[in-house]
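The lines below spell out each chain.
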Amino acid sequence: VLDAVDQHTVRGREVAYFFRQLPTKHELPEYYAFIKKPMDLATLRARVVAGTYDETRRRNAFLTDFMLVFNNAHKFNQPESDIYQDATTLRDVFARRARALWPRSKQRIAKLLDATTTTTIR
């Protein structure tokens, strides 16, 4: 799932580029003032490698953390921005892959997707 999102391209453009690593607090202090739980793909990958999400009961934590990447982008960015649009695209890629991989988690995934449709623009 993580690789599918990270490697997703649209017309040759890497859609996940801005989601791989968060800007530093020095580069974008207003992001950290507004977003209370920052998350990026590098952090998710590190947690996967460390075994944080290995057990089945921890799948919800993985799904929640993954969706946090997209929720944060939707909250911080304007709907017409490229980053907001890319977050929507990657959220959909994630949802398709996660549903196929974990069919018993479809309700959890649907609930997380519903949460991303309600945005809080700064």
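This one's a predicted model, so the numbers in the text were calculated from it and none came from an experiment. (Residues numbered from 1 in each chain as written. Predicted model: local features only at pLDDT ≥ 70, side-chain atom pairs only at ≥ 80, totals over all residues. Heavy atoms only, no water.)

Caption draft 1: Structural detail: the packing of aromatic side chains. Here the structure, examined in full by the defined rule, presents ten aromatic pairs. Seen in terms of ring centroids, F66 and F70 are 5.9 Å apart; in terms of plane orientation they differ by 35°. Their pairing is tilted. Here F66 and its partner F70 are both found in helix α4 (residues 59-76), four residues apart, which amounts to about one turn of the helix. Pair check on accessibility: F66 and F70 agree, each one buried. (Phe/Tyr/Trp six-rings, centres within 6.5 Å; stacked < 30°, edge-to-face > 60°. Helix = DSSP H or I, 4+ residues; strand = E, 2+ residues; numbered from the N terminus. Buried < 20%, exposed > 50% of the residue type's maximum accessible area, 1.4 Å probe, protein only.)

Caption draft 2: Representation of unusual backbone geometry within the structure. With a phi angle near 50°, R11 is a residue other than glycine that sits in the positive phi range. Summarising the element assignment, R11 is placed in the loop between β1 (9-10) and β2 (13-14).

Caption draft 3: Examining the confidence of the model for the protein chain more closely. Across the protein chain, pLDDT averages 90, with 93% of residues at or above 70. Confidence, read as mean pLDDT per element, is least for helix α6 (residues 106-116) in the protein chain (81) and greatest for helix α2 (residues 29-34) (96). (pLDDT = per-residue confidence, 0-100.)

Caption draft 4: Expanded view of the pattern of salt bridges. Within this structure, the stated rule accounts for seven salt bridges. Between D3 and R45 there is a salt bridge, and its shortest N-O distance comes to 3.0 Å. Separated by 42 residues along the polypeptide, D3 in helix α1 (residues 2-6) and R45 in helix α3 (residues 41-50) bring together distant segments of the chain. D3 sits in the partly exposed class, given a relative accessible area of 40%. Here R20 makes a salt bridge to D6, at a shortest N to O gap of 2.6 Å. Here the residue R20 occupies a position in the loop between β2 and α2, and D6 occupies one in helix α1, the gap between them amounting to 14 residues. Under the relative-accessibility criterion, D6 is labelled buried at 16%. Within this structure, D3, D6, E14, R20 and R45 form a network of salt bridges that share partners. (Salt bridge = Lys/Arg side-chain N within 4 Å of Asp/Glu carboxyl O.)

Caption draft 5: Representation of α4. Here α4 is 18 residues long and its end C-alpha atoms lie 26 Å apart, about the 26 Å a rise of 1.5 Å per residue gives. L68 marks where α4 bends most, by close to 25°. (Expected span 1.5 Å × (residues − 1). Bend = angle between axes of the 7 residues up to and from the residue.)

Caption draft 6: Quick peek at the side chain of H74. The residue H74 is located in helix α4 in this model. Within the local environment of H74, its side chain forms a polar contact with the side chain of T88, the two groups lying 2.8 Å apart. (Polar contact = N/O pair within 3.5 Å; in protein donor to acceptor, adjacent residues only side chain to side chain.)

Caption draft 7: Structural view of the nonpolar core. Judged by nonpolar contacts, the single largest core of 28 residues is most densely connected at V5, L41, L44, L63, F66, F70 and F94. Put simply, the parts of the chain that give this core at least two residues each are α1, α3, α4, α5 (82-101) and α6. Of the residues forming this core, the biggest block, eight residues, is contributed by α4. In contact with F66, not counting residues within four places along its chain, are V1, L2, V5, L41, L44 and F94. (Core = buried A, V, L, I, M, F, W, Y, C linked by side-chain atoms within 4.5 Å. Contact = heavy atoms within 4.5 Å.)

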